[in-house]
Each structure stands twice: as C-alpha cells, then as structure tokens.
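Close look at the chain arrangement
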Amino acid sequence: GDEGEDTIWIPDLYIDNLVQMTTGSAKLTKISPDGSVWRSVQVLVTIKAHFDLSRLPYDDHEVRLIVASYSQPSANLRMMPRGGQVGEGTSGIGLIAANVRHKVWEFVGSSSPDMYTTPARVRTPDDAWDYVDMFMHIKRKPKYFVDHAVYPAGVFAAISYSQFWVDANSAPARATLAVIPVLIMRTMF
C-alpha cells in the first residue's frame, strides 16, 4: 500500500521544461535486494517545446522531456531510464504510449508498431548532475493543414474577388458576394 512509501526517501525530481503537471492515482515502488529503488508514477504533463514553423505544413520537430534531480548531484543520485545503463549515452526506454494517433501529427521513430516507444539519453554536462532526456519525433501531416487552412483560404479569396466581375449596377449581387466571405470567416473561426 501507500503507507510504506512515506518512510522511503524519494529524490526530488523536476522536469526542466515543465508548464503543468497532474499526478494520477497509479503508483508503484519496488525495492531490490541491492538497495536500488524503481518507482513509477502516472503523471500528465504539459511541457514547453520549441517549434520551427518555417517549413509549415511540412515541418517536423523533436519534443524533449528533460528530467533531473533538483538537489542531488550525480555523486549521490544516478539517473537512468528504465532498462538503461548508468552514465552518459542513449539507452533504455524513454517514452511509452499505446496506440498514439492524432489528426495533425505523425509520431515517428518508434521501435514497435503497436506501442510508441523511444529511447532515452542521459547527459552529465558538468560531471555534477544527471539529466535524462526523453524525446519523441513528430511530423506534421500536411493534408490536414492543406484541407483545413489552405483550401478554405483559397475559396475565401476567390469569392471575395469574384464581386469585381459582377455588373456594377447589380448592387444586390455585389452585396451578397461581399457578405459571404464575412460569413465564412465567422463560421470558420
């Protein structure tokens, strides 16, 4: 149960690029005979990530989740991903998700077709602190952006400019063609 967890020292981990975190009720702590502790906690995180949108809608990005200890240097606490190795390098499992699907983004670089899994990378930049970088590579599906932004904008522009080819003496027709783009904008946004 949870009562034993209150007596175990738990490192003060933080997520370097965190915006918001919600902790779920699912927790698991395992203590091995050699003294190592494995702890799993269900969390929902919102993180900051830099996106370069210069190639929109054909852009792709590497989103990183950076975890480190807030107060313990690597002499006291060694960070490593699940199934990984102690020390710098890429090893173990970084992120795991089942059936990842999205209308706009494609998740690339997974090692399994059923589960989205990525490796993790451990860095010790100043030989004092371990950082675990868990990353996922995402790529925009251009069809969604083209269908929902480019084509409607083209139709909007075509209707807007079509009123210039309507007879100047036909005011009701010109007024209708002037109002339709406003209605399109009001409906879309």
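Below is a short write-up of the structure.

About the thresholds
Residues numbered from 1 in each chain as written. Predicted model: local features only at pLDDT ≥ 70, side-chain atom pairs only at ≥ 80, totals over all residues. Heavy atoms only, no water. Helix = DSSP H or I, 4+ residues; strand = E, 2+ residues; numbered from the N terminus. Rg over C-alpha atoms; globule rule 2.2 N^0.38 Å. Buried < 20%, exposed > 50% of the residue type's maximum accessible area, 1.4 Å probe, protein only. Areas by Shrake-Rupley, 256 points an atom, 1.4 Å probe, with all protein chains shown as cover. Lys, Arg positive; Asp, Glu negative; His and termini not counted. Charge placed at Lys NZ, Arg CZ, Asp CG, Glu CD. Salt bridge = Lys/Arg side-chain N within 4 Å of Asp/Glu carboxyl O. Core = buried A, V, L, I, M, F, W, Y, C linked by side-chain atoms within 4.5 Å. Contact = heavy atoms within 4.5 Å. Expected span 1.5 Å × (residues − 1). Bend = angle between axes of the 7 residues up to and from the residue. Pairing = 2+ DSSP bridges.

What about the overall build of the protein chain?
In terms of helices and strands, the protein chain carries 2 helices and 10 strands. For the protein chain, the N- to C-terminal ordering of α and β elements is β-β-β-β-β-β-β-β-β-β-α-α. Over its C-alpha trace the protein chain gives a radius of gyration of 26 Å, far above what one expects of a compact globule, namely 16 Å for 189 residues. In terms of its C-alpha atoms, the protein chain occupies a principal-axis envelope of roughly 90 × 35 × 35 Å. Within the protein chain, the proportion of its 189 residues that are buried is 23%. When the accessible surface of the protein chain is summed, it comes to about 13,100 Å², and 57% of that surface belongs to carbon and sulfur atoms. Between the mean site of the 18 positive side-chain charges and the mean site of the 20 negative ones, the protein chain shows a separation of 9 Å.

Remarks on the pattern of salt bridges
On inspection of all chains with the given rule, the structure shows 7 salt bridges. Of the charged contacts, one joins Glu 62 and Arg 121 as a salt bridge, the two residues approaching to 4.0 Å between their closest N and O atoms. One end of the pair, Glu 62, is in strand S4 (residues 60-69); the other, Arg 121, is in strand S9 (residues 120-123), and 59 residues separate them in sequence. A residue is classified by how much of its surface remains accessible, and Glu 62, at 41% relative accessible area, is partly exposed. Arg 121 gets classed as partly exposed once you look at its relative accessible area, which sits at 25%. Close ionic contact of Asp 147 with Lys 143 constitutes a salt bridge, the shortest N to O distance being 2.5 Å. Of this pair, Asp 147 and Lys 143 both sit in helix H1 (residues 142-162), 4 residues apart, which is roughly one turn of the helix. Judged by relative accessible area, which is 29%, Asp 147 ranks as partly exposed. Salt bridges sharing partners connect three or more residues here, namely Glu 62, Arg 64, Arg 121, Arg 123 and Asp 133.

Quick notes on the nonpolar core
Formed by Ile 15, Leu 65, Val 67, Leu 77, Met 79, Leu 95, Ala 120, Val 122, Val 132 and Met 134, the largest nonpolar core amounts to 10 residues. Sorting the residues of this core by element identifies S4, S9 and strand S10 (131-140) as the ones contributing at least two each. Discounting chain neighbours no more than four positions away, the residues touching Val 67 are Leu 13, Tyr 14, Ile 15, Met 79, Asp 130, Tyr 131, Val 132 and Met 134.

Let's talk about H1
Residues lying three or four places apart along an α-helix face the same way, a consequence of the helix completing one turn every 3.6 residues. The end-to-end C-alpha separation of H1 is 28 Å, in line with the 30 Å expected for 21 residues at 1.5 Å each. Taking the largest bend as the criterion, H1 deviates by roughly 25°, centred on Val 150, and proline Pro 152 comes between one and four positions later. All of the buried residues in H1 are Val 146, Pro 152 and Ser 160.

Things to note about unusual backbone geometry
Here the bond from Leu 56 into Pro 57 is cis, since omega is 5°, no more than 30 degrees from zero. For Pro 57, the location among the structural elements is in the loop between strand S3 (37-47) and S4.

Let's talk about the pairing of S10
The buried fraction of S10 amounts to 7 of the 10 residues, a majority that puts the element mostly inside the structure. Direction of pairing for S4 relative to S10: antiparallel, over a ladder of 9 bridges. If you follow His 61 over to S10, its bridge partner there is Ile 138. Examined bridge by bridge, strand S7 (residues 105-108) and S10 share 4 bridges and lie antiparallel to one another. Residue pairing for S10: Glu 106 is matched across the bridge by Lys 139.

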